[in-house]
Structures are given as structure tokens and as C-alpha cells.
Amino acid sequence: MTISAPKMTIKRHLPWPLLALLWTVALAVAVAVAVWTYQLGSRALPGLEGDSGEQVEVLSEQVKKLSAENERLQSSANASQNELKIAQTAQSQLAVQVKNLEAENNRQKEDLAFFDSLLPTNLGVPGITIQRFKAELAGPSQVRYRVLVMQGGAATQQFAGNLQVSITVWQAGKSAIINFPETNSTDLARYRLAFKYYQRVEGVANLPEGATIKSVAVRVLDRGQVRAQQSVDL
């Protein structure tokens, strides 16, 4: 050892039990700070602890109730819609039935008027007459007609003849008359008359497109001779 040797520093080492105690104290302080911070936050936000779970349960229950109510209302709406469709269908069917009944009622009135004319106190005018004649538009170029032809008098015989329907139209800037049945028509049987007391004839006449219908006339022909006729304007 000389005077130029480096200086020596002597450090006193802590015993390990004391070092362990210091680490324990430091850890306890850290835990205490963490607990204090959590409690401070809980007091600053009341209801944060314990209330969140209850609120989730309440909201879930409300969602279930609203879903059930929505399903019930949807079922009610579907049932109401089905009932409405059924009512509309029934209404349409009733309208068709009423229309058919009105047409049948008109035919019954025609028959009643005819049979009244056959009573012994009123045998009707002798000869062929047109008791009822009605014509109406069935479409832009269609005419529906209904004719009741009768034979009056005490001593009636079988009548055989033909019915002719004449429709006056305005077409291509001039007036024209279209007769039914047409020449060489395939439905001549529809216009043939063969009866002793009466005969009803109904049908629809189809006209050329663009023709404007003015009037309709009906004639009863016996071997080419006119026995009775009537006309109506449309």
C-alpha cells in the first residue's frame, strides 16, 4: 500500500428482512391509493356500483314487452286486413247478384205483361206485335238488345218468321245502316222466330271499330214482309 493507491468507499448493506419490510410498506401504500381512488369515483358517480346490472335487467324486460306487443299488433293488423278483403269480395259478389236479380225481375215483368194480355177478358190485339224492345250500349262498338214478340187474338196459329235488327251509325263522315243478320251469316238461327204465343230474343251486335251508334230498329219479317217494328235512339 502506497500513498497513490485509490480511495476505498465502504457501503453498509441493509439486511434482507428490513428490505422486505420496506417493499411490503410500499405495496400497501399503492393498494391503499388505488382503493381510495375507486371509492372517490364511486361517490362522484352515484349509482355506478350495483345499479348498472339492475338497469340492464329493466331495459331487457321492457324490450321483451315491446316485442310481444308489436307481435300482437301485427297479428291484429293482419286479421283486420283479411277481414277487409273478405268483406270486399262479398260486396262484389252481392253487387253481381243484385244486377242479375234486376235483369231477371225485368224479364219477369215482361212475361207478366204478356200473360196479362192473354187473359180471356183481354185477348190482345190480333196479329204480331213487339211487346217489349230494349237496346243499350255494351261497349264502344257493341249493342245489346232484347226483344219480346207476341201474337195476339183468340185463334192463334204457329207463327214462323225472322227478326231483323238495323243499326244506324255515323262512319267515315256519313250515315250508314248495318243490318243483322248479315248476308251469308252463320248465326241465322238466332234471328229465326217460331212460336204460337210469344218468343224472347236477346243478343249482342258487333259493329265496325270507330262507328258512332245513332239508333237501333227491330223488325219482325214474315216471308220478307214487315209485320211489326220498333226503334230507339241511343
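Here, the structure is the one placed above.
So, a few notes on the structure that sits alongside this text. (Residues numbered from 1 in each chain as written. Predicted model: local features only at pLDDT ≥ 70, side-chain atom pairs only at ≥ 80, totals over all residues. Heavy atoms only, no water.)

1. Structural notes on the overall build of the chain
Secondary structure assignment for the chain yields 2 helices and 8 strands. Written out in order from the N terminus, the α and β elements of the chain read α-α-β-β-β-β-β-β-β-β. Considering only contacts within the chain whose residues lie at least 6 apart along the sequence, 65% involve residues at least 24 apart. Summed over its atoms, the accessible surface of the chain is roughly 17700 Å², and 58% of this surface lies on carbon and sulfur atoms. (Helix = DSSP H or I, 4+ residues; strand = E, 2+ residues; numbered from the N terminus. Contact = heavy atoms within 4.5 Å. Areas by Shrake-Rupley, 256 points an atom, 1.4 Å probe, with all protein chains shown as cover.)

2. Observations regarding the sheet that holds strand E2 (residues 142–152)
Within a sheet, each strand pairs with its neighbour through backbone hydrogen bonds, oriented either parallel or antiparallel. Spatial ordering of the open sheet is given by E1-E2-E6, a layout of 3 strands whose pairing is antiparallel. Since the sheet does not close on itself, it has two edges, and those belong to strand E1 (127–139) and strand E6 (198–206), each with one partner. Across the sheet, the mean angle from the axis of one strand to that of its neighbour is 15°, orientation sign disregarded. Two elements, E1 and E2, share 11 bridges in a ladder whose sense is antiparallel. Paired with Gly139 across the strands is Gln142, a residue of E2. (Pairing = 2+ DSSP bridges. Axes fitted to C-alpha atoms, helices over the stretch in contact; angles between N-to-C directions.)

3. A short note on the pairing of strand E8 (residues 225–233)
In the sheet, strand E7 (residues 212–222) pairs with E8 via 8 bridges, with the strands oriented antiparallel. By the bridge assignment for E8, Val216 is matched with Val232. Counting the residues that bridge the hairpin from E7 to E8 gives 2 residues, and of these Arg223 lies at a positive phi of roughly 55°.

4. Digging into the side chain of Gln151
Note that Gln151 resides in strand E2. Separated by 2.8 Å, the side chain of Gln151 and the backbone oxygen of Lys196 make a polar contact. (Polar contact = N/O pair within 3.5 Å; in protein donor to acceptor, adjacent residues only side chain to side chain.)

5. So, the side chain of Asp222
When you line up the elements, Asp222 lands in strand E7. There is a polar contact of 2.7 Å between the side chain of Asp222 and the side chain of Arg227. Ignoring anything within four residues of it in the chain, the contact list for Asp222 reads Phe159, Ala160 and Arg227.

6. Digging into the packing of aromatic side chains
Aromatic ring pairs are defined here through the distance separating the ring centres and the angle between the ring planes. Scanning all chains against the criterion turns up 2 aromatic pairs. Plain terms: the ring middles of Tyr145 and Tyr191 are 6.5 Å apart, the flat faces sit at 25° to each other, and that makes the pair stacked. Residue Tyr145 is located in strand E2, and its partner Tyr191 is located in the loop between strand E4 (174–180) and strand E5 (192–195); the two are separated by 46 residues in the primary sequence. Looking at Tyr191, the relative accessible area reads 3%, which means it is buried. Ring centres 5.4 Å apart and planes at 55° place the aromatic pair Phe159 and Phe195 in the tilted group. Note that Phe159 is positioned in strand E3 (residues 159–171) and Phe195 in strand E5, a separation of 36 residues in sequence. (Phe/Tyr/Trp six-rings, centres within 6.5 Å; stacked < 30°, edge-to-face > 60°. Buried < 20%, exposed > 50% of the residue type's maximum accessible area, 1.4 Å probe, protein only.)

7. Notes on unusual backbone geometry
What you tend to see is this: most non-glycine residues have negative phi, and most peptide bonds are trans. For the bond running from Phe180 to Pro181, omega is 5°, close enough to zero to count as cis. Relative to the helices and strands, Pro181 is located in the loop between E4 and E5. The backbone of Ala172 shows a phi angle near 55°, a positive value even though the residue is not glycine. Mapped onto the elements, Ala172 comes out in the loop between E3 and E4. Residue class for Ala172 comes out exposed when judged on its relative accessible area of 75%.

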